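Understanding the architecture of this molecule
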Amino acid sequence: TQLLEQSPQFLSIQEGENLTVYCNSSSVFSSLQWYRQEPGEGPVLLVTVVTGGEVKKLKRLTFQFGDARKDSSLHITAAQPGDTGLYLCAGVLYDKIIFGKGTRLHILP
Amino acid sequence: EPEVTQTPSHQVTQMGQEVILRCVPISNHLYFYWYRQILGQKVEFLVSFYNNEISEKSEIFDDQFSVERPDGSNFTLKIRSTKLEDSAMYFCASERRDTYEQYFGPGTRLTVT
């Protein structure tokens, strides 16, 4: 059974601070994705990382795929209240996607 | 911008009844998926579908479930003999495959009473 562990589960920080969210697994994935999910809505894809060691930037968000393609991190610089939400990592295995439980982020103004 | 649509947005059914959840994927996408999310829990993969057949399925996707692409646009999930524990949000997603980007629909909330 493939599992993706996300940490922390909850994070509450002040506006302007930096933060990192982690996604770890014992399984090797062909790619790893990060989503954001708002209450009552479907997940929205933020980024896909495919190559081990790959780094992608989306404005203040930096995503990294581990060299062994088993883990990933999401770093947010100068967090803003608009970043508040549930962030999900998901590992892609052939035609199946395994989701983590998510990190609920709360940015205090 | 094209999007995945799902109907109904909320379905209430009695235990033991059959339900059909409908999805219209993005038109040039070739891969289709169903996921479910029980309230407060993680999104769980149910099944993937390509070229008119199931590509992968999870342990959850047993004989109670079936999927179909009855025409060129709809993708359906049928749940037979519903149980209380089938209550969840069901999400459909579609993917073009060259980008490995899945686009999720807004979900159908299924409530089994």
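Residues numbered from 1 in each chain as written. Chains lettered and ligands numbered in written order. Predicted model: local features only at pLDDT ≥ 70, side-chain atom pairs only at ≥ 80, totals over all residues. Heavy atoms only, no water.

**Points about the state of the cysteines**
- Under the definition given, this model contains 2 disulfides over all chains.
- One disulfide in the model links Cys23(A) with Cys89(A); its S-S distance is 2.0 Å. Of note, the bridge from Cys23(A) to Cys89(A) carries an S-S torsion of about 75° and is right-handed in sense. Here Cys89(A) lies in strand E9 (residues 85–93) and Cys23(A) lies in strand E3 (residues 19–24), a separation of 66 residues in the sequence.
- Residue Cys23(B) pairs covalently with Cys92(B) via a disulfide, S to S 1.9 Å. A torsion of -60° about the S-S bond marks the disulfide between Cys23(B) and Cys92(B) as left-handed. Highlighted residues: Cys23(B) in strand E3 (residues 19–24) and Cys92(B) in strand E9 (residues 88–95), separated in sequence by 69 residues. (Disulfide = S-S within 2.5 Å. Helix = DSSP H or I, 4+ residues; strand = E, 2+ residues; numbered from the N terminus.)

**What to know about the interface of chain A and chain B**
- Taken together, the contact between chain A and chain B spans 19 residues of the former and 19 residues of the latter.
- Counting each side, the surface lost to burial between chain A and chain B is near 1,600 Å², with a carbon and sulfur contribution of 55%.
- Among the residues of chain A in contact with chain B, Asp95(A), Lys96(A) and Phe99(A) are the three that bury the most area, contributing 37% of the side total.
- Inspection of the chain A/chain B interface yields 0 salt bridges.
- Our count for the contact surface shared by chain A and chain B stands at 3 residue pairs in polar contact (both at pLDDT 80 or more).
- Sorting the residues of the side of chain A that touches chain B by element identifies strand E4 (31–37), strand E5 (44–49), E9 and strand E10 (96–99) of chain A as the ones contributing at least two each.
- Along the lines of polarity and charge, the residues of the side of chain A that touches chain B split into 9 nonpolar, 6 polar and 4 charged. (Contact = heavy atoms within 4.5 Å. Buried area = accessible area lost by both parts, 1.4 Å probe. Salt bridge = Lys/Arg side-chain N within 4 Å of Asp/Glu carboxyl O. Polar contact = N/O pair within 3.5 Å; in protein donor to acceptor, adjacent residues only side chain to side chain. Nonpolar A, V, L, I, M, F, W, Y, C, P; charged D, E, K, R; others polar.)

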